Amino acid sequence: MLTPAFELSQDRDFLTVAIRVPHARASEFDVYFEGVDFKFYAKPYFLRLTLPGRIVENGSEQGSYDVDKGIFTIRLPKETPGQHFEGLNMLTALLAPRKSRSAKPLVEEIGSSGVSEEGADDEDADFDWEIEQTPYEEVSESALQSQCHYGFGNLRAGVVQRLQDELSEVIDIKDPDFTPVTERRQKRLAAELAKFDPDHYLADFFEDEAVEQILKYNPWWNDAHAKMMASLGKSQEQGDDATLVSFSDEEKYQLRKFVNKSYLLDKTAHRQVYYSLVDILLAYCYEVRVTEGDHNVESAWTIRKLSPTLCWFETWTDVPEILVSFGRRVLCYPLYRHFKLVMKAYRDTIKILQLGKSAVLKCLLDVHKIFQENDPAYILNDLYISDYCVWIQKAKSKKLTALADALKAVSLGKAQLGLELQDLEAAALLVQEEEAAGRAAPGSPGQPAAGSSPEPSDSDSTTSSDTEDSASEQEELVGPRASLLTSLEADSTLLIQDRELCRHVASQGCDVSQGQTLVSARAPLIEEVGEELRTVLQVSTPGDDAGSHSCMQDGEGRGQEPRD
């Protein structure tokens with residue numbers, strides 16, 4: 001039997017089921033519905049659905065068949081007119097048999113704290129996002145080894161040992177089966193500090209044209225969130241997320257391919273699932289924004305690299321530490337490393353959570369597709385993403401709203417990342433100001449002193465290309481000259497004659513013979529002066545008569561001619 005493609009919609013009084021069966025005979029089909037059960041059979045197709053609300057047979061039901069499209073359309077009356085059926089786009093959950101929705105283990109330990117997402121969890125109970133603290137207890141090494149779990153809800157162990165060759169290219173942690181949680185975190189933090197590059201960060205900080213362009217990108221969830229806020233302003237009630245988020249045919253096919261599961265999660269694992277969901281969504285939002293929705297060969301790497309859940313099998317205790325970890329990794333690993341991108345992904349994640357589980361599921365399906373098309377990364381689907389795609393369809397919308405509120409209440413600053421970003425920025429800005437002041441000051445390299453006029457010389461007849469070359473050479477000499485000048489006294493004279501650098505007291509005039517040789521004839525600074533020009537450069541303190549003129553001596557042996 002084949003499971004056909006199908007789609008559900010509703011109005012106030014009817015539930016509509018559209019089933020695509022292109023190769024079936026219209027005269028040979030059977031439909032059964034009662035309560036929450038719906039069954040359809042048309043050889044070779046069979047469809048069984050467990051509906052989120054009750055329907056009834058009262059004579060107002062209708063059915064039609066479009067021969068050209070091969071689509072059966074069946075309208076079923078609701079048992080309670082006006083009732084809203086939630087989750088009509090959660091196709092995997094609809095395909096699950098009704099008995100599996102409240103599945104319990106055949107053997108259950110008395111006093112166990114295990115609860116399931118579907119049944120035992122109280123829908124009206126408030127979810128506590130605060131840290132649950134327990135006293136420290138010393139445990140043995142064997143007990144530590146048994147605690148090294150990972151994957152969705154920390155339900156996996158021993159997988160990496162079997163897939164070591166494949167996973168070594170996907171995850172950063174080595175030997176996670178025998179690495180405790182605290183050690184994983186210590187190694188991750190050390191790796192981030194070693195990877196952080198101040199030069200790369202400052203380059204993106206000052207030259208942020210590409211980043212600003214990325215920030216202007218408008219992903220699909222922005223429009224959906226705007227519609228949701230507009231509807232909230234009118235009705236004061238949260239609308240159906242299914243009307244705001246739609247799934248493509250490819251996404252519906254993905255949903256039909258998933259195998260329905262029931263997850264028995266205790267309170268700690270339940271919280272970890274929600275926390276890791278935030279971590280994965282943050283990485284996904286960053287990737288969508290920097291690629292502007294057009295995924296590339298680096299997309300799988302970016303998502304798993306920015307999510308410690310995926311590449312370090314990290315576990316979390318509160319929401320703020322998730323944001324701090326994400327911010328650190330954005331500034332350490334990808335191409336664009338800017339704090340504005342961290343905050344943009346943070347706000348995008350809040351919008352997705354506020355839109356509800358349909359929006360979250362759409363993002364997870366996209367991540368699943370990206371990993372599935374990447375040879376080593378597909379293993380992360382088996383460890384995390386496939387389970388998330390099934391689990392989120394049965395998650396409580398109220399929990400996602402509470403998680404969005406907890407995330408919205410967090411304030412993230414650069415100082416919290418532990419990378420000394422503010423000190424780096426302050427130092428870079430100070431250097432930038434000093435360079436600008438040096439270029440603007442009178443008498444600085446490349447600028448004439450106040451009150452002086454350029455003296456005509458043979459060099460004035462050089463071509464424009466020679467002038468540009470000499471200007472570039474002069475800029476390259478600024479650093480060496482500055483270091484040399486600062487090492488001399490303020491009332492001294494720096495002389496260059498016959499390719500020798502001399503120090504001369506200003507009161508002694510321009511007598512080179514009394515100077516003291518500082519640098520040999522083969523010094524790099526002198527060699528750059530040129531073969532055809534011998535120059536005498538005199539520098540003195542302001543107000544000194546000796547500093548009001550300079551001596552020029554060309555290659556033809558003309559005498560020293562003082563300037564006014």
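Residues numbered from 1 in each chain as written. Predicted model: local features only at pLDDT ≥ 70, side-chain atom pairs only at ≥ 80, totals over all residues. Heavy atoms only, no water.

(A) Seen up close, the overall build of the chain. Along its length, the chain carries 22 helices and 13 strands. Relative to all contacts within the chain whose residues are 6 or more apart in sequence, the contacts with residues 24 or more apart total 70%. For the chain, the accessible surface area stands at approximately 30,500 Å², while carbon and sulfur atoms represent 50% of it. (Helix = DSSP H or I, 4+ residues; strand = E, 2+ residues; numbered from the N terminus. Contact = heavy atoms within 4.5 Å. Areas by Shrake-Rupley, 256 points an atom, 1.4 Å probe, with all protein chains shown as cover.)

(B) Region of the structure containing the pattern of salt bridges. For the coordinates displayed, the defined rule picks out 20 salt bridges. A salt bridge links R12 to D13, with the nearest nitrogen and oxygen atoms 3.1 Å apart. By relative accessible area, R12 is classed as exposed at 57%. The network of salt bridges with common partners includes D172, R185, R188, E192, K305, E314, E321, R328 and R329. (Salt bridge = Lys/Arg side-chain N within 4 Å of Asp/Glu carboxyl O. Buried < 20%, exposed > 50% of the residue type's maximum accessible area, 1.4 Å probe, protein only.)

(C) View of the packing of helix α11 (residues 267–290) against helix α18 (residues 397–408). At a minimum axis separation of 11 Å, α11 and α18 run at an interaxial angle of 60°. On the basis of the axis angle, α11 is oblique to α18. The hand of the α11/α18 crossing is right-handed. Facing H270, Y274, L277 and V278 of α11, the residues of α18 in contact are K399, L400, L403 and L407. Across the contact of α11 with α18, the residue classes tally to 6 nonpolar, 1 polar and 1 charged. (Axes fitted to C-alpha atoms, helices over the stretch in contact; angles between N-to-C directions. Parallel < 35°, antiparallel > 145°, perpendicular 65-115°, else oblique. Left-handed = near helix turned anticlockwise from the far one by under 90°. Nonpolar A, V, L, I, M, F, W, Y, C, P; charged D, E, K, R; others polar.)

(D) Structural context of the nonpolar core. Ranked by size, the top nonpolar core spans 123 residues in total, and within it I19, F38, F371 and W391 carry the most contacts. If one sorts the elements of this core by residue count, α11 sits on top with 15 residues. Setting aside residues up to four positions removed in sequence, I19 forms contacts with P4, A5, F6, F38, F40, L47, G70, I71, F72 and I74. (Core = buried A, V, L, I, M, F, W, Y, C linked by side-chain atoms within 4.5 Å.)

(E) View of the pairing of strand β6 (residues 71–77). With 7 bridges connecting them, strand β2 (residues 14–20) and β6 associate as antiparallel partners. Bridge pairing in β6 places R20 opposite I71. Note: strand β5 (residues 62–66) against β6, 5 bridges, orientation antiparallel. Residue S64 lies in a different strand from β6, and its bridge partner there is T73. Linking two consecutive strands that pair antiparallel, namely β5 and β6, is a turn of 4 residues; a positive phi of about 70° is found at G70 within it. (Pairing = 2+ DSSP bridges.)

(F) Geometry of the sheet that holds β6. Strand order in the open sheet made by the 4 strands is β1-β2-β6-β5, with antiparallel pairing throughout. The open sheet is flanked by β1 (5–10) and β5, the only strands paired with a single partner. Ignoring which end each strand starts from, the neighbouring axes of this sheet average 15° apart.

(G) Representation of empty space enclosed by the protein in the model. One pass over the full model with this rule turns up 1 cavity of 30 Å³ or more. Within this model, the largest cavity holds a volume of roughly 80 Å³. Around the largest cavity sit 13 residues that line it, and G151, G153, N154, S276 and Y384 are the ones nearest its centre. Among the elements that line the lining of the largest cavity, the one with the most residues is α11, at 3 residues. By residue class, the composition of the lining of the largest cavity is 5 nonpolar, 7 polar and 1 charged. (1 Å grid on protein atoms, 1.4 Å probe; cavity = no way out; pocket = protein on both sides within 12 Å on 5 of 7 lines; lining within 4 Å. Points joined across faces, edges and corners; volume = space filled by probe spheres on them.)

(H) Main features of the packing of α11 against helix α15 (residues 339–355). Contact geometry for α11 and α15: axes closest at 8 Å, N-to-C directions at 115°. Classified by chirality, the crossing of α15 by α11 is right-handed. Residues V278, L281, L282, C285, Y286, R289 and V290 of α11 touch α15, and the partners they reach there are L341, K344, A345, Y346, D348, T349, I352 and L353. In terms of residue class, the contact of α11 with α15 is built from 11 nonpolar, 1 polar and 3 charged.

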